[in-house]
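What follows is the residue order along each chain.
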Amino acid sequence: MTGLCTMKYLCQAARNESRYAKRFFGTLLPQTAQKWLFSPFWIVVPDPRKSAVFGLTQPYCTDEKSHAQPKSKAAFGSVGRRIPYRILHVINQDGESLGNMHRAEALRLMDQHGLKLVLLRENVEPPVYRLMTGQQIHEEQLKRAEKKKASPKQGVVQKELSFSSAIAKNDLETKTKQIAQWIEKRHHVKVTIRQAKGSSTDMFMLFDQILETVSEKATYLSKPKVAREGVSTCVFRHMSDKELKEHQKMAIKKNNTVKKDENEDLKSNELHQ
């Protein structure tokens, strides 16, 4: 009889300890206001049916920011009809502000004019959207891709050189040598040419002339384009190993063709003599 009573009390104590452990680890911790971080550890939970049960507790942290994932930047394009914001600042297809309006009104304008809504700035209040045609979206995507392509990558040094279209021949040769030295170090080189007053020199021809001089190792990263009125720019870069091999193959093939033509011309001259 004494043994049965002792067993009963032991089982009751085990259940109480189990309940208190659950209350402590399941209720007390979430309610604490401070940010604690517990490493994984083993605890023993008494169980009336078994001698001991081992359980692994999970790390707990009340700091929600530690679990937050960085928000990826959305690609530029139409957002369709899925707009999470109630109030928007809308710009029309001509770039004019239409003011703040409810998203339902913005969708009505989109449907009425057969346009698409594009998110321009999200981190403002209210977010800025623009009504654009499909052609406008495509052109803007090309501009952004070209800008991203022209921007130097992390770890790549970009040098800059600027001169007038009326540059003297000797000065142009000096600057071309400087470009070649930078290219040899695998730097990107941004060249800006300003159209001189009274000069009829084609700036794009100057770019091609520079490239022809350094063509054995360099190519365009960003092809020549008009940056603004009277100013054109381009970016040169060193060829990749694959591009260098292809360039060398083309050069050898071209030289063989030239030699073959010269030999045929010599034979033809001998026959005529």
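These lines cover the structure that appears in this document, whether it is placed above or below. (Residues numbered from 1 in each chain as written. Predicted model: local features only at pLDDT ≥ 70, side-chain atom pairs only at ≥ 80, totals over all residues. Heavy atoms only, no water.)

## What about the overall build of the chain?
Counting secondary structure elements, the chain contains 6 helices and 10 strands. For the chain, with 273 residues in total, the buried portion stands at 24%. Within the chain, residue pairs in contact and separated by at least 24 positions form 54% of the contacts whose partners lie at least 6 positions apart. Only carbon and sulfur atoms are counted for the fraction: they give 53% of the accessible area of the chain, which is about 20700 Å². (Helix = DSSP H or I, 4+ residues; strand = E, 2+ residues; numbered from the N terminus. Buried < 20%, exposed > 50% of the residue type's maximum accessible area, 1.4 Å probe, protein only. Contact = heavy atoms within 4.5 Å. Areas by Shrake-Rupley, 256 points an atom, 1.4 Å probe, with all protein chains shown as cover.)

## Side note on the nonpolar core
One finds Phe163, Ile179, Val189, Val191, Ile193 and Phe236 to be the most contacted residues of the largest nonpolar core, which totals 20 residues. Looking at this core, the elements that each hand over two or more residues are strand S7 (158-164), helix H4 (169-184), strand S8 (188-194), helix H5 (203-213), strand S9 (218-228) and strand S10 (231-238). At 5 residues, the largest contribution of residues to this core is made by H5. Apart from the residues lying within four places of it in its own chain, the contact partners of Phe236 are Ile183, His187, His188, Val189, Val191, Phe207, Ile210, Leu211, Thr219, Tyr220 and Leu221. Residues Val90, Met101, Leu107 and Met110 belong to the second largest nonpolar core, which totals 12 residues. (Core = buried A, V, L, I, M, F, W, Y, C linked by side-chain atoms within 4.5 Å.)

## Details of the environment of Gln195
Tracing the backbone shows Gln195 in the loop between S8 and H5. The exposure class of Gln195 is partly exposed, given its relative accessible area of 30%. Sequence-distant contacts of Gln195, that is, excluding residues within four places in its chain, are made with Ser165, Ser200, Thr201, Met203 and Gly230. At a separation of 3.4 Å, a polar atom in the side chain of Gln195 contacts the side chain of Ser165. (Polar contact = N/O pair within 3.5 Å; in protein donor to acceptor, adjacent residues only side chain to side chain.)

## Structural notes on the pairing of S7
In the sheet, S7 pairs with S8 via 7 bridges, with the strands oriented parallel. Bridge pairing in S8 links Ser162 to Thr192. Read as a crossover between parallel neighbours, the route from S7 over H4 to S8 is right-handed. (Pairing = 2+ DSSP bridges. Right-handed = clockwise from strand over helix to strand, strands pointing away.)

## Details of the packing of aromatic side chains
Within a pair of aromatic rings, the relevant descriptors are the distance that separates the centres and the angle that separates the planes. On inspection of all chains with the given rule, the structure shows 2 aromatic pairs. Residues Phe204 and Phe207 carry aromatic rings whose centres are separated by 6.3 Å and whose planes lie at 55° to one another, so their mutual orientation is tilted. One end of the pair, Phe204, and the other, Phe207, are both in helix H5, 3 residues apart, so they sit about a helical turn from each other. Judged by relative accessible area, Phe207 falls into the buried class, the value being 0%. Ring geometry for Tyr220 versus Phe236: centroids 5.2 Å apart, planes at 25°, classification stacked. Remark: Phe236 occurs in strand S10 and Tyr220 occurs in strand S9; sequence separation between them is 16 residues. Phe236 matches Tyr220 in its accessibility class, with the two residues each being buried. (Phe/Tyr/Trp six-rings, centres within 6.5 Å; stacked < 30°, edge-to-face > 60°.)

## Observations concerning the sheet that holds strand S5 (residues 116-121)
Pairing is mixed across the open sheet formed by 4 strands, whose spatial order is S4-S3-S6-S5. The sheet is open, and its two edges are formed by strand S4 (97-102) and S5, each paired on a single side. On average, each strand axis in the sheet is inclined to that of its neighbour by 35°, with strand direction left out of account. Against the sheet, helix H2 (residues 103-113) contacts strand S3 (87-91), S4, S5 and strand S6 (128-132), and its axis sits at roughly 125° relative to S4. (Axes fitted to C-alpha atoms, helices over the stretch in contact; angles between N-to-C directions.)

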